[in-house]
Amino acid sequence: MDEGMDSQEINPATISSNVAAEVKPEGAENDDPKTNLTDEKDELFCGPQRKDTTKDCDDAASQTSVDCGSASGLDEPVLAASKSDTAQTHCSNGQKSKRSSSPGYNPVKTTCAAAPSSNPKLTLCLSDSPRKGVSTPTSDVEMLSPDSPVSKTMFVDSSAGKDHDGGACAEDSELFDKYSDSGCSAKEEVPLVAIRSEDAEKAECSGSSDMSQEAIGSPSVAFSESVSLVSHDMDRRWLGTPIDELNRMPQCAPPLSHLKAMHNHTVTVRTDLLREGEVPVSYPSKFKDVWEDVSVKMPCSEKNLFPMEDGGGFQSRWELIHTSLQGGFKSSLDVRDAILRYNITHAKKWDFTALNLLCTEYLVHPELQLLFDDILPAMVDLALNAPVLCTMAIPLLKSRMNHSLTLSQEQIGCLLANAFFCTFPRRNSRKSEYCNYPEINFYRLFEGSSPRKIEKLKTLLCYFRRVTQTKPTGLVTFTRQTLNTPPNWESSETLLKRLHITCEGTIEDDGYGMLQVDFANRLVGGGVTGHGLVQEEIRFLINPELIVSRLFTEALEYNECLIVTGTEQYSKYSGYAESYKWKDSHKDETARDDWQRRCTEIVAIDALKFRHFLEQFLPEKMVRELNKAYCGFFRHNADSKPLSAVATGNWGCGAFGGDTRLKALIQLMAAAEAGRDVAYFTFGDAQLMRDVNGIHTFLTERQVTVGRLYYLLNQYSSLMCKNCRTTRPDVSLYGFIYKGVSSPAPADAPDSAKDSGTSSLTSDSH
């Protein structure tokens, strides 16, 4: 991520194969490009981006979690046979999802190679406008999660062409489609090749189960049968409950009462005039000028003053913004000069290199003409319309408060246009009263020559083009939720819910209608306006309405989360971190609820960062993560209907140092306590998929409760981690749980352990 902005994930290519090595946060990177800028150039606006048939897999995984053997003499039972849960239920109305079902058991032949071969360069310009002579970059190759022994395998199947975009021939397929031709006939297909390491070949190509970290060295009678079952699962791309049997919105959404403002819910539109397909009307009718510590200080406030050049007093900063932005733009330098006129104290610090490169190196003349003649002027009009659109004082969602804020999509567009032109006062310094809030002005987006910034600008300009051409008609709700009374994990009698786990797909595409987890920074959005470009930042870019939360959301505390309902996806993308590419415009067809919000619910929960692997197994750290996940998953008075499933993945792993297997269990426990099933995306890590499904099947078949599982986690911390002299325990977490559940409980074990047949494993467990 950015300076001071820790990311929960890292670039897969930077992961060390040494399991004891410390993971370097992405924040340690500078803004310099890693490759020659001209080599990264794309045919951005002259047609949909070249389709990568090798599907990019998000690397939200942690450091490798490899067992060191059973030095203590503890035998680890093998993985229980994984199978689908046959006692499935549908949404309360019995409806199925309208989208395609989960990938079934359809193994695809792949080619194993010891080293990647270079792919042919493809030129896919669909525009009549001339190119700025640059070669197209070769296909990006993403690494798998380092947590998997198959750590450098690219899983490729027939769905790879989907990438993160749906189809290749979207109706609204490019940022500047005014000058493009239609059609996709020019698409060329790259051969499907799975690039594998030597270890991967042994594990995946031979069908061997030796690579399963939980199926090693057990003398169990069931060993040969389990090896056969694990081998059978080697080609599976998903396990557990079929994804279409999990609950989704709107079918499973609780009934909504009439939308109205309340003491804990601010609504900025006329609810009596809310109509489907119509642009909401702002409320109140006239701008309410509020300059207080509990509200956003708006750029159009009369109290937003700017010192006169001659030192003779102050002038209205809003008037200066008006004058500067309405002067018109003919180049990126004009944009820079306009912004600096009302941000003069930063004139020597702010750098507009990325914006200048976009305009001089990436866009051809017709695209530049459209940008400066149409898009930027429309953005100026939208920004300067703030006193008409954003008439109500916008409350700050401060720490330790439960409050909701509902804005119209048009109001959000206005606020983000102001963020683009850096008009928000008191928000450019960490020394102001907003020091505990994320940055909102986009000045850091314009700096540096990194290709990341170019792709971010492309993605956001796609959004601004869309909302200025056609006014959006929906609402978005932002809710800060505080968990004041966490569950008693030790005494919980809750059983684990259903699990669908897959090494393919993404949270945003395949988890539609579910509660989608944002692997958040405590300053929501992380480095979205800076250098960061991993899970959270990508989600904020393709759903830009999320970015406005940075305007009013204070840093999240240990028992808080941010829930955002109704944002729209505007862009398709491929890649991750350094390989991220804006592809084309996306038409979001997600259904709307009765409040005219898209049925897309995203929850931002921030995980702890661990410098040392064993630190995360401390009881207080595990409780913190359990409570944080539960805070995001539970809902008040939500027992009338089944809640939607949680769509998540390797939360808090990667640069944050979390162990994927522990984090998976923590999320399964929290979701169960909140009454939700789980759809888990391992982002290409098939071994993690098999391990998590195996332990989930084992625990559910034996009806192990959340409380008993919590006891086992604490036993593992006490017996295996507390006095461990190495970087990792000799006994794996899942192996310990298998043994603990399978062994008879000793006489001095706690009642919860006895009830489940759980052993304390030693008599001196205290």
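About the cut-offs
Along each chain, residue indices are assigned from 1 in the same order as the chain's sequence is written. Given that this is a predicted model, residues contribute local features only at a pLDDT of at least 70 and side-chain atom pairs are listed and counted only at 80 or more, while totals for whole chains, interfaces and linings are drawn from all residues. To obtain the side-chain values, all non-hydrogen atoms of the structure were used and water was disregarded. Numbering of helices and strands runs from the N terminus, with a helix taken as a DSSP run of H or I at least four residues long and a strand as a DSSP run of E at least two residues long. The classification of residues rests on relative accessible area computed with a 1.4 Å probe and restricted to protein chains. Under 20% of the type maximum is buried, over 50% is exposed, and intermediate values are partly exposed. Residue contacts follow a heavy-atom distance rule, with two residues in contact if any of their heavy atoms lie within 4.5 Å. Surface accessibility follows the Shrake-Rupley procedure with a 1.4 Å probe radius. Residue values consider only the protein chains on display as shielding. Only one rule defines a salt bridge in this text: a Lys or Arg side-chain nitrogen within 4 Å of an Asp or Glu carboxyl oxygen. The criterion for an aromatic pair is that two Phe, Tyr or Trp rings (for Trp, the six-membered ring) have centres within 6.5 Å, with stacked assigned to planes under 30 degrees apart, edge-to-face to planes over 60 apart and tilted to the rest. As a reminder, the over-ring test applies to NZ of lysine and CZ of arginine, requiring each to be within 6 Å of the ring centre and within 35 degrees of the ring normal. We define the nonpolar core as a collection of buried residues of types Ala, Val, Leu, Ile, Met, Phe, Trp, Tyr and Cys that are connected through side-chain atoms lying within 4.5 Å of one another. Identification of polar contacts relies on pairs of N or O atoms within 3.5 Å, with a donor-acceptor requirement for protein atoms, meaning one able to donate a hydrogen and the other able to accept it, and with residues adjacent in sequence counted only if both atoms are side-chain atoms.

Participant: Describe in detail the overall build of the protein chain, supporting the description with residues and values.
Facilitator: Counting its secondary structure elements, the protein chain contains 18 helices and 16 strands. Evaluated residue by residue, the protein chain yields a buried proportion of 62% over its 766 residues. For the protein chain, contacts bridging at least 24 residues in sequence account for 81% of all contacts bridging at least 6. Accessible surface for the protein chain amounts to roughly 28800 Å². Of this, 49% is attributable to carbon and sulfur atoms.

Participant: So what's going on with the pattern of salt bridges? Residues and values would help.
Facilitator: Throughout the structure, instances matching the rule amount to 26 salt bridges. Of the charged contacts, one joins Arg444 and Glu439 as a salt bridge, the two residues approaching to 3.2 Å between their closest N and O atoms. Of the two residues, Arg444 and Glu439, both sit in the buried class. Note that Glu455 is salt-bridged to Lys458, the shortest N-O span being 2.8 Å. Of this pair, Glu455 and Lys458 both sit in helix α9 (residues 451-469), separated by 3 residues, roughly a single helical turn. Accessibility expressed as a relative area gives 3% for Glu455, which makes it buried. On the basis of relative accessible area, Lys458 is assigned to the buried category, the value being 0%.

Participant: How would you explain the packing of aromatic side chains if you had to name every residue and give the values?
Facilitator: The geometry of an aromatic ring pair comes down to the distance between the two centres and the angle between the two planes. Tallied over the full model, the rule gives 19 aromatic pairs. Judged by centre distance (5.2 Å) and plane angle (80 degrees), the ring pair of Phe420 and Phe446 falls under edge-to-face. Linking Phe420 in helix α8 (residues 409-420) with Phe446 in the loop between α8 and α9, this pair joins segments that are 26 residues apart in sequence. Ring geometry for Tyr630 and Phe634: centres 5.2 Å apart, planes at 10 degrees, overall stacked. Each member of the pair, Tyr630 as well as Phe634, carries the same accessibility label: buried. Aromatic rings pair up to connect Phe329, Phe352, Phe420, Phe421, Phe442, Phe446, Tyr463, Phe464 and Tyr570 into one cluster. Note that Arg248 overlies the ring of Tyr512, its terminal NZ or CZ placed 3.9 Å from the centroid.

Participant: Report on the nonpolar core, specifying residues and quantitative values.
Facilitator: Grouped together as the largest cluster of nonpolar side chains are 91 residues, with contacts concentrated most on Phe421 and Phe552. The leading source of residues in this core is helix α6 (residues 365-384), at 10 residues. Excluding its chain neighbours within four sequence positions, the residues that come into contact with Phe421 are Leu325, Phe329, Ile339, Tyr342, Leu376, Met379, Val380 and Ala383. The next biggest cluster of nonpolar side chains, apart from the first, holds 72 residues, and it includes Leu239, Phe519, Phe633 and Val646.

Participant: Which residues make up the environment of His403, and what are the values?
Facilitator: Residue position: His403 is located in strand β7 (residues 403-408). Sequence-wise, His403 and Thr482 are 79 residues apart; in three dimensions their C-alpha atoms are separated by 9.3 Å. A polar atom in the side chain of His403 sits 3.5 Å from the backbone oxygen of Asn264. At 2.9 Å, the side chain of His403 and the side chain of Thr266 are in polar contact.

Participant: Can you tell me about unusual backbone geometry, naming the residues and giving the values?
Facilitator: Here Met249 and Pro250 are connected by a cis peptide whose omega angle stands at 5 degrees. Mapped onto the fold, Pro250 is located in the loop between β3 (238-240) and β4 (265-267). In this structure, Pro284 follows Tyr283 across a cis peptide bond, with omega equal to -5 degrees. By secondary structure assignment, the location of Pro284 is in the loop between β4 and β5 (305-307). Phi at Gln596 takes a positive value of approximately 65 degrees, unusual for a residue other than glycine. Assignment of secondary structure puts Gln596 in the loop between β13 (581-585) and β14 (601-606). Here Gln596 falls in the buried class, since its relative accessible area comes to 10%.

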